[in-house]
2 protein chains.
Amino acid sequence: MEFHFLGTGAGVPSLTRNVSSLAVRFLQQKGAQWLFDCGEATQHQLMRSAISPSRIDRVFITHLHGDHIYGLPGFLGTRSFQGAVTPITIYGPPGLEAFIQASLNVSATYLRYELIIVEVEHGLIIDTDFAEVSVLALQHTLDSFAFRIKEKPKPGILDVEKLRSLNVEPGPVYQKLKQGESVELADGRILHGQEFLGPEKPGRVVVIAGDSKPVIELIAFAESADLLIHEATFRSGREVDAHEFGHSTIADAASIAKAANVKQLILTHISSRYVMEEEELKQEAAEAYEGTMVANDLLVYTLQAKER
Amino acid sequence: MEFHFLGTGAGVPSLTRNVSSLAVRFLQQKGAQWLFDCGEATQHQLMRSAISPSRIDRVFITHLHGDHIYGLPGFLGTRSFQGAVTPITIYGPPGLEAFIQASLNVSATYLRYELIIVEVEHGLIIDTDFAEVSVLALQHTLDSFAFRIKEKPKPGILDVEKLRSLNVEPGPVYQKLKQGESVELADGRILHGQEFLGPEKPGRVVVIAGDSKPVIELIAFAESADLLIHEATFRSGREVDAHEFGHSTIADAASIAKAANVKQLILTHISSRYVMEEEELKQEAAEAYEGTMVANDLLVYTLQAKER
């Protein structure tokens, strides 16, 4: 999985950080591309990235603040203008559909493709052939969500050597065994897939959290995640201010990651007040929880496949 | 007057031309700043210009297509975030208010300043102490306007030499004469302001037209204008395509400028299909009507004061 950080700033754009957006590319799923949040000028950032609007088929909105949604109407219009005809589904809090429809209607924007808007609130919202997505409610100044992507395990590798030693030649039988099915051979022998499959390749778990003060429920939601992407609008020590505005500090995000035993934490939604303190911010993050990174605009982070 | 071309592209942003927006700065009016159209990422372009959101007190929207309005909600929110408390008035076609309110409401955007939205259709819409603004309906695929800014003439210079030769000394009398009033002196003499004032300094006329196929009414509306800013979405020779989509070619815009005896024509709303033909485009424009310019993003054009 590749994570393309398109906008990593908080509230308003600056010359170095645009407002929120993150694209996820599933390298093994025919390049499926999902977008998380779509602040103003996300389509401009996409032009500077390897992600194409027409390839994005799902958009997830963590919450309805302007710096997370004002880029949606332009993104949708441009996706159509560029010739996309495949459907797109947008998931987000109640109110999302009214905003999108008002924007498209007033501007007489015709989309060549089907637009599906799903207002979500909690629990499992998607179950595709390669991943499940669940929603957790956070605590911000308005409804805000974390999304968890849980990849499905991949079947183990078929033990071809073992099959050959039993004089079973490649063919449709192999396909069935690969799926874990049982097969009766022409000579009457019955083979069970599980006896010829190596261990499953476990799926990865990624949690992408919207704006929020630290919430205890996120610890269980992100338990043992391979990657947690969390906001850090304030530096450590400014918890009182942060929580008053429904935000987190670096220390808050690190505490969650540590309690959840997350393997990698990446911080985003960085306030423009820290533009002169980038290096200190990065050092503070790395010390707060091992290996924690602070995202920059156009950073591409690759999450490796798990060992079998 | 300074014209800051913030976005000069048509329909969708490209890496070199953003979608439509133009800021006008009135150098002699305490730096009053107006904005014409506000496509997505106009606030990003403002960061790269000398224009500040907080100083803009009027916004004019030529029409409601997304590439002219999707930057409004973010611009308004950022203007508040940056601390502006002075009112702003937005003028545009019917439907504008519903879009702005839907966007601000869904995102729970609170503005520290008063927002006034005026839906206009034709005729004189503003009469300030230094300029009048009128609207003309154009012909596009939805309501589209041209705005004409007509500066008021400035009073002539007071002939101080002549007054001194009549033994009239500087003081309140001078102020009254400067305003063109009549004054009775202590010795009984009566002086008439007009007899001591040089010629008035005529105001400038600027027309900023939205997307449109060429319309005959624009010729009278822009008659003898000092500056006409007109779209040219297509190159000359592609009139059939242009008019079908409610747009103009370079030749169309030049014809209007010529018939109206406009002193300077600047073309904008340039299609990204011409990104490799910039030089040819500029040459074609210059030949189509004397001195015609093709705007680029962040171009600043200064319109000189008129001779008395």
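Predicted model only: the values in this text are computed from it and were never measured. (Residues numbered from 1 in each chain as written. Chains lettered and ligands numbered in written order. Predicted model: local features only at pLDDT ≥ 70, side-chain atom pairs only at ≥ 80, totals over all residues. Heavy atoms only, no water.)

Once that is clear, we can look at the packing of aromatic side chains. Counted according to the given criterion, the structure contains 22 aromatic pairs over all chains. Consider the rings of F60 of chain A and F147 of chain A, whose centres lie 5.3 Å apart with planes at 65°: the pair is edge-to-face. Within this pair, whereas F60 of chain A is found in strand β4 (residues 56-60), its partner F147 of chain A is found in strand β9 (residues 145-151), the two being separated by 87 residues in sequence. Since its relative accessible area comes to 0%, F147 of chain A is described here as buried. With 5.3 Å between their ring centres and 50° between their planes, W34 of chain B and F60 of chain B make a pair best called tilted. Of this pair, W34 of chain B sits in strand β3 (residues 32-38) while F60 of chain B sits in strand β4 (residues 56-60), and the two are 26 residues apart along the sequence. Taken together, the ring pairs in this structure connect F26, W34, F36, F60, Y91, F130, F145 and F147 of chain A into an aromatic cluster. Across from the ring centre of Y113 of chain B, 4.4 Å away, lies the NZ or CZ of R79 of chain B, which sits over that ring. The positively charged end of R148 of chain B is found above the aromatic ring belonging to F221 of chain B, 4.4 Å away from the centroid. (Phe/Tyr/Trp six-rings, centres within 6.5 Å; stacked < 30°, edge-to-face > 60°. Helix = DSSP H or I, 4+ residues; strand = E, 2+ residues; numbered from the N terminus. Buried < 20%, exposed > 50% of the residue type's maximum accessible area, 1.4 Å probe, protein only. Lys NZ or Arg CZ within 6 Å of the ring centre and 35° of its normal.)

Right, let's get into the relation of the copies chain B and chain A. With an RMSD of 0.1 Å, the fit of chain B onto chain A corresponds to turning through 180° and sliding 0.0 Å along the axis. Viewed as a symmetry operation, the transformation between the two copies matches a two-fold axis. Taking the C-alpha atom as reference, chain B places A41 of chain B closest to the rotation axis, 2.7 Å from it. Of all interface residues in chain B, 100% are interface residues in chain A too; the two copies therefore contact each other through one and the same surface. (Least-squares fit on C-alpha atoms with pLDDT ≥ 70 in both. Contact = heavy atoms within 4.5 Å.)

For the rest of this paragraph, the subject is the sheet that holds β4 of chain B. All names here are of chain B. In space, the seven strands of this open sheet follow the order β6-β5-β4-β3-β2-β1-β16, with mixed pairing throughout. If you trace the sheet from one side to the other, it starts and ends with β6 (115-119) and β16 (300-302), each paired once. This sheet shows a mean twist of 20° between the axes of neighbouring strands, independent of strand direction. Alignment of strand β1 (residues 2-7) against β16, held across three bridges, turns out to be antiparallel. When the bridges of β16 are listed, H4 appears paired with V300. Contacts from helix α4 (residues 96-106) reach β5 (88-92) and β6, with the element oriented near 150° to β6. (Pairing = 2+ DSSP bridges. Axes fitted to C-alpha atoms, helices over the stretch in contact; angles between N-to-C directions.)

Residues and elements named next belong to chain B. Summed over the entire model, instances satisfying the criterion amount to 22 salt bridges over all chains. Across the pair E278 and R17 runs a salt bridge, and its minimum N-O distance is 2.7 Å. Here the residue E278 occupies a position in helix α10 (residues 278-288), and R17 occupies one in the loop between β1 and β2 (21-26), the gap between them amounting to 261 residues. Residue class for E278 comes out buried when judged on its relative accessible area of 18%. Overall, R17 belongs to the buried group, its relative accessible area being 5%. D226 serves as the salt-bridge partner of K306, at 3.4 Å between the closest nitrogen and oxygen. Of the two residues, K306 sits in the segment after β16 while D226 sits in the loop between α7 (217-221) and β13 (227-231), which places them 80 residues apart along the sequence. (Salt bridge = Lys/Arg side-chain N within 4 Å of Asp/Glu carboxyl O.)

Another aspect to go through is the UniProt feature "binding site: Zn(2+) 2" (unreviewed entry) in chain A. Residue and element names in this part refer to chain A. The positions that UniProt labels "binding site: Zn(2+) 2" (unreviewed entry) are, in the present scheme, D67, H68, D211 and H269. Look at the named residues: they lie 203 residues apart in sequence, but the longest C-alpha span between them is just 10.9 Å, so in the fold they bunch up. Tracing the backbone shows D67 in helix α2 (residues 66-69). If sequence neighbours within four positions are ignored, D67 has contacts with A10, G11, V19, S20, G39 and H269. Polar side-chain contacts of D67 include one of 2.9 Å to the backbone nitrogen of G11. Turning to its location among the elements, H269 is positioned in the loop between β14 (265-268) and α10 (278-288). Apart from residues no more than four positions distant in its own chain, H269 is found in contact with T8, G9, A10, G11, S20, D67, H68, D211, E231, A232, T233 and H247. (UniProt positions renumbered as here; feature names shortened; annotations may be inferred. Polar contact = N/O pair within 3.5 Å; in protein donor to acceptor, adjacent residues only side chain to side chain.)

What follows concerns the UniProt feature "active site" (unreviewed entry) in chain A. According to UniProt, the "active site" (unreviewed entry) feature falls on D67 of chain A. In this structure D67 of chain A comes out as buried when scored by relative accessible area, which is 11%.

Accessible area lost during the coming together of the parts is what is often quoted as the interface size. Each partner contributes residues to the interface: chain B has 33 residues there, and chain A has 33 residues. Together, the buried faces of chain B and chain A total about 2500 Å²; carbon and sulfur atoms form 66% of this surface. A per-residue breakdown of the area chain B buries against chain A is headed by E40, Y70 and V106 of chain B, which together make up 27% of the total. In this assembly, chain B and chain A are joined by zero salt bridges. There are 12 residue pairs in polar contact (both at pLDDT 80 or more) connecting chain B and chain A. Counting residues per element, the ones that place at least two in the side of chain B that touches chain A are α1 (42-47), α2 (66-69), α3 (72-81) and α4 of chain B. Classifying every residue of the side of chain B that touches chain A by side-chain character gives 17 nonpolar, 14 polar and two charged. (Buried area = accessible area lost by both parts, 1.4 Å probe. Nonpolar A, V, L, I, M, F, W, Y, C, P; charged D, E, K, R; others polar.)

As a further point, take the sheet that holds strand β7 (residues 123-127) of chain B. Residues and elements named next belong to chain B. The strand order β7-β8-β9-β12-β13-β14-β15 describes an open sheet built from seven strands, whose pairing is mixed. The outermost strands of the open sheet, each flanked by one partner alone, are β7 and β15 (293-294). Across four bridges, β13 lies against strand β14 (residues 265-268) in parallel orientation. The partner of H230 across the bridge, within β14, is L267. Lying over the sheet, helix α9 (residues 250-259) contacts β13 and β14, oriented at roughly 155° with respect to β14.

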